[in-house]
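# Structure assessment
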Amino acid sequence: MPRTTTALAAAATLAVGGLLLAAVTSQAGAAGTGLKTLAEAKGIYFGTALTQSNLSNSTLTAVAGAQFDMVTPGNEMKWDTTEPSNGSYNFGPGDAIVSFAQSHDMRVRGHNLVWHSQLPGWVNGLPSNQVQAAMEAHITTEATHYKGKLYAWDVVNEPFNEDGSLRQDAFYNAMGSGYLADALRTAHAADPNAKLYLNDYNIEGQNAKSDGMYRLVSQLKSQGVPIDGVGLESHFIVGQVPSSMRANMQRFTALGLDVAITELDDRIQLPANSSTLAQQATDYATVVNNCLAVSRCVGVSQWGVGDADSWIPGTFPGQGAATMYDNNYQPKPAYNSTATALGGSTTTTTTTPPPPPNSTCAVTDSVNAWNTGLTESITITNTGTAPINGWSLAFTLAGGQTVTSAWNASITPASGQVAAKNVGYNGSVAPGASVSFGFQATHTGNTSAPGDFTLNGTRCA
Ligand code: XIL
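The shown structure was predicted, so the numbers you read here are calculated from the model rather than taken from an experiment.

### With respect to the pattern of salt bridges
Scanning the entire structure with this criterion turns up seven salt bridges. The salt bridge partner of E162 is K209, with a shortest N-O separation of 2.6 Å. Of this pair, E162 sits in the loop between β6 (152-157) and α7 (170-175) while K209 sits in helix α9 (residues 208-222), and the two are 47 residues apart along the sequence. E162 sits in the partly exposed class, given a relative accessible area of 42%. Across the pair D452 and R459 runs a salt bridge, and its minimum N-O distance is 2.8 Å.

The structure is reproduced here in structure tokens:
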């Protein structure tokens, strides 16, 4: 697919009565401009992994449907789910993912047909002269079931050791290195239109393991084995995206193969802080820019939608915060850097209506933030001609912010749309006078101040 360089126009500004109202939001681009739209304009896709249980989380699925145009089932097409005992197949969970994807205009990467992990015990227990037939039957049955519905298959997942030799799993032990070509040929026969991939981790940069993959796929190509691409999982540690990643991708594409970033995440030692989140934003931009720079890099998929559904905390204790969305599915700095790398704008001029001309209040606020906390000071000025006797100031806290204490006001509830009410000694504000209060809050990365205040039902300037 040729790359186009469609420029996405910045959102329009709204001028009302000579007032220009601008607010910086953390959503990229104009409203509705998801990563998928930006990616498509650059000729690539942007995907996510989804598990069946994710489908019942409406916050998660709303983000997934708006932002991503490719889905990889997190577990549902793996051998332990699809053929838990010899010859008995279960495609229900995988079908649920495919049907979600189809109803949201998303394509699907099948993941995976052959892998040493999440492999049911019966395969490991087979006598070695029965492994090939079992593998071929599994591939044929599963790839036939999904025939025509998938963009790609990870035919063999994680076949390499770190030193570039082949992993001695049930398949290698039974068939030697020839199992890879056999698996690819079997998958191609079942679904000739699916792009066939070998997928692995720690092959993003140039190293012994990616050299092993390079040697293997060169050989497969020269032997005419049906292989279309190499998947770079890209489970990174913050600050450790290899500098040789782009050159490494280029050497694979020079063989006539596609490459894809298949399982991107970037884990942080918890708790994350503003500097690790900023580094993560840089890492995401680096990865996206690498894909954009390599003409046969077909797309980027993140492994999960947000930190709340990421596999990282469960697998790497003490680490997490590895995705573009926080635990409340609010975008993190990495979301903005990704959108920017894809050509989007992270500064949106919003169309907040102006306060009425007869507004009788003005509000200023300022935020001081650190790792996971912030303090905010707010000053209300009575710009009207009548005294205020008792006040309630309504505003909305940024996603992920939770008030832990307040002074000179009582604030309820602790998050979302809140009301700050005067305490006993500061309810009266004479015309021209001001009153100040403040609060301390925790946050999950979004430290924005509220931009819109309503005092006793009247919007303030
Ligand atoms: C992970 C899933 O996300 C977890 O839910 C599961 O418990 C283990 O597998 N490489 C892969 C993925 O190719 O299939 C893995 O997914 C993550 C590492």
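### Some words on unusual backbone geometry
What you tend to see is this: most non-glycine residues have negative phi, and most peptide bonds are trans. Following H111, the chain continues into N112 via a peptide bond in cis, with omega recorded as -5 degrees. The residue N112 is located in strand β5 (residues 107-115) in this model. With an omega of -5 degrees, the peptide bond between L270 and P271 qualifies as cis. Relative to the helices and strands, P271 is located in the loop between β10 (258-269) and α11 (274-293). Here E158, not a glycine, exhibits a phi torsion of approximately 55 degrees, which is positive. Positioned with a positive phi, N408 is a non-glycine residue whose angle comes to about 60 degrees. With a relative accessible area of 28%, N408 lands in the partly exposed category.

### Quick look at the nonpolar core
Ranked by size, the top nonpolar core spans 86 residues in total, and within it W153, F171 and L198 carry the most contacts. It is helix α8 (residues 178-190) that contributes the most residues to this core, seven residues altogether. Setting aside residues up to four positions removed in sequence, W153 forms contacts with M77, G110, H111, N112, L113, E142, A143, Y146, A194, K195, L196 and Y197.

### Some details on the pairing of strand β21 (residues 434-442)
Of the pairings in the sheet, the one linking strand β14 (residues 373-382) to β21 comprises nine bridges and is antiparallel in character. Bridged to E376 within β21 is F439. The sheet contact formed by strand β17 (residues 402-407) and β21 spans five bridges and is antiparallel. Its bridge partner being in β21, T402 is matched across the sheet by T442.

### Observations regarding the packing of aromatic side chains
This model, assessed by the stated rule, comprises 14 aromatic pairs. When the ring of Y89 is compared with that of F91, the centres are 5.7 Å apart and the planes differ by 20 degrees; the resulting orientation is stacked. Measuring from ring centre to ring centre gives 6.3 Å for F395 and F439, while their planes differ by 20 degrees; the resulting arrangement is stacked. Residue F395 is located in strand β16 (residues 392-396), and its partner F439 is located in strand β21; the two are separated by 44 residues in the primary sequence.

### Considerations on the sheet that holds strand β13 (residues 361-369)
Strand order in the open sheet formed by four strands is β13-β14-β21-β17, with antiparallel pairing between adjacent strands. Whereas interior strands pair on both sides, the edge strands pair on one side only; in this sheet they are β13 and β17. Across the sheet, the mean angle separating the axes of adjacent strands is 25 degrees when strand polarity is ignored.

### Overview of the site of the ligand
Taken together, N75, K78, H111, W115, Q118, N157, E158, E233, H235, E263, W303 and W311 form the complete shell of residues around the ligand. Within the side chain of K78, one N or O atom sits 2.7 Å away from an oxygen atom of the ligand. One nitrogen or oxygen atom from the side chain of H111 is found 2.7 Å from an oxygen atom belonging to the ligand. Considered class by class, the residues forming the shell around the ligand number three nonpolar, five polar and four charged.

Conventions and cut-offs
- Each chain has its residues counted from 1, following the order in which its sequence is written.
- With the structure being a predicted model, the display of local features is reserved for residues of pLDDT at least 70 and the display and counting of side-chain atom pairs for 80 or more, all residues being used for whole-chain, interface and lining totals.
- Only hydrogens and water are removed before side-chain values are computed, so all heavy atoms of the structure are retained for them.
- Salt bridge, as applied in this entry: a Lys or Arg side-chain nitrogen positioned within 4 Å of an Asp or Glu carboxyl oxygen.
- Per the convention used, a helix needs a DSSP run of H or I reaching at least four residues, while a strand needs a run of E reaching at least two, with both numbered from the N terminus.
- Residue exposure (1.4 Å probe, protein chains only): buried if accessible area is under 20% of the type maximum, exposed if over 50%, otherwise partly exposed.
- Take the buried residues of types Ala, Val, Leu, Ile, Met, Phe, Trp, Tyr and Cys, join any two whose side-chain atoms come within 4.5 Å, and each joined set is a nonpolar core.
- Contacts are residue-level and defined by heavy atoms, with any inter-residue pair within 4.5 Å sufficient.
- At least two bridges found by DSSP between two strands is the condition for calling them paired.
- Each aromatic pair joins two rings of Phe, Tyr and Trp (for Trp, the six-membered one) with centres within 6.5 Å, and gets the label stacked for planes under 30 degrees apart, edge-to-face for over 60, and tilted for any other angle.
- Only the stretch in contact is used when fitting a helix axis, every axis being a line fitted to C-alpha atoms; angles between N-to-C directions are given from 0 to 180 degrees.
- Whether a residue is near a molecule or strand depends on its heavy atoms: it is near if one of them lies within 4 Å of it.
- Here a polar contact is recorded for every N or O atom pair within 3.5 Å, except that within protein the pair must consist of a potential hydrogen donor and a potential acceptor, and residues adjacent in sequence are included only if both atoms are side-chain atoms.
- Residues are sorted three ways: Asp, Glu, Lys and Arg are charged, Ala, Val, Leu, Ile, Met, Phe, Trp, Tyr, Cys and Pro are nonpolar, and all the rest, Gly among them, are polar.

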